[in-house]
Amino acid sequence: MSRIVTGADGRDRCAWSASAPEFDAYHDSEWGFPVGEDRRLFEKICLESFQSGLSWRTILSKRENFRVAFDGFDYHAMAGYGPERVAALLQDAGIIRHRGKIEAVINNAALAIEIEAREGSLAAFFWRYEVKTPPEPQTVSTCPELVALSKELKKRGWKFVGPTTCFAFMQAMGLVNDHAEGCFCRPLAAQARRAFTVPV
């Protein structure tokens, strides 16, 4: 199966972008481009946790609802959510009403604060797991860095952060350039990475 598809605009993209009309914009402007902002990184790993067992299209269609429901993924605010807030979230039809996942991201918010305090920032922590020698794009869903990240997060008490979730997070946030060979975004993502200052 080809890893490339030609869009209506004549541009060659990763084949997965053709799965839904709204994927082109996400693919072209977000996916695979390096991110160094703590809140965006936390948002993405939360959304990937919610995606577990579901499609990204489902999550993307609800992303703005998630942002409203979870205070823009301000993990300092989320860490203070108690049972009443959980109960309210479980009634919010605009998000995924899964108690385990809701409680997991609240748990992870408190642990994100701990990482921020110990490591200086979430970004500095996550970017230590950048894939230095990527495999051939879109051929594998595992590499040593993502296995190490998943293990470290689990050791620190994070939930819903298995290897599949972590790899999707790393792909999306530019910790690995997994745009397919021939995709017009692959060199753009590589250029963005060269211009990106890794948080320390």
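Residues numbered from 1 in each chain as written. Predicted model: local features only at pLDDT ≥ 70, side-chain atom pairs only at ≥ 80, totals over all residues. Heavy atoms only, no water.

A. Representation of helix H2 (residues 38-51) in the model. Look at H2: 20 Å from first C-alpha to last across 14 residues, which is about the 20 Å you get at 1.5 Å a residue. With twelve of 14 residues buried, H2 is to be regarded as a mostly interior element. The positive-phi residue at the C-terminal boundary of H2 is Gly53, with phi of around 85 degrees. (Helix = DSSP H or I, 4+ residues; strand = E, 2+ residues; numbered from the N terminus. Expected span 1.5 Å × (residues − 1). Buried < 20%, exposed > 50% of the residue type's maximum accessible area, 1.4 Å probe, protein only.)

B. Focus on the pattern of salt bridges. This structure, assessed with the given rule, holds 20 salt bridges. Across the salt bridge formed by Glu30 and Arg63, the nearest N and O atoms sit 2.9 Å from each other. Placement of the pair is Glu30 in the loop between helix H1 (23-29) and H2 and Arg63 in helix H4 (residues 63-69), with a sequence separation of 33 residues. The exposure class of Glu30 is partly exposed, given its relative accessible area of 22%. Here Arg193 makes a salt bridge to Glu130, at a shortest N to O gap of 2.7 Å. (Salt bridge = Lys/Arg side-chain N within 4 Å of Asp/Glu carboxyl O.)

C. Local environment of the side chain of Glu130. Note on placement: Glu130 falls in the loop between helix H8 (122-126) and helix H9 (144-155). What makes Glu130 buried here is its relative accessible area of 10%. Beyond its immediate stretch of four places on either side in the chain, Glu130 contacts Glu145, Leu175, Arg193 and Val198. (Contact = heavy atoms within 4.5 Å.)

D. How the structure looks around unusual backbone geometry. You will see that Phe73, though not glycine, has its phi angle at about 60 degrees, which is positive. Mapped onto the elements, Phe73 comes out in the loop between H4 and helix H5 (75-78). For Phe160, which is not glycine, the phi torsion reads 55 degrees and is therefore positive. One can find Phe160 in the loop between H9 and helix H10 (163-172).

E. Examining the environment of Ala15 more closely. Within the secondary structure, Ala15 sits in the loop between strand E2 (12-14) and H1. In this structure, the C-alpha to C-alpha distance between Ala15 and Ser2, residues 13 residues apart in sequence, is 7.1 Å. Not counting chain neighbours up to four residues away, the residues in contact with Ala15 comprise Ser2, Arg3, Ile4 and Val5.

F. Representation of the packing of aromatic side chains. This structure, assessed with the given rule, holds 16 aromatic pairs. Cluster of aromatic residues (ring-pair linked, three or more members): Phe42, Tyr75, Phe125, Phe126, Tyr129, Trp158 and Phe169. A cation sits over an aromatic face here: Lys44 above Trp56, 3.5 Å from the ring centre. (Phe/Tyr/Trp six-rings, centres within 6.5 Å; stacked < 30°, edge-to-face > 60°. Lys NZ or Arg CZ within 6 Å of the ring centre and 35° of its normal.)

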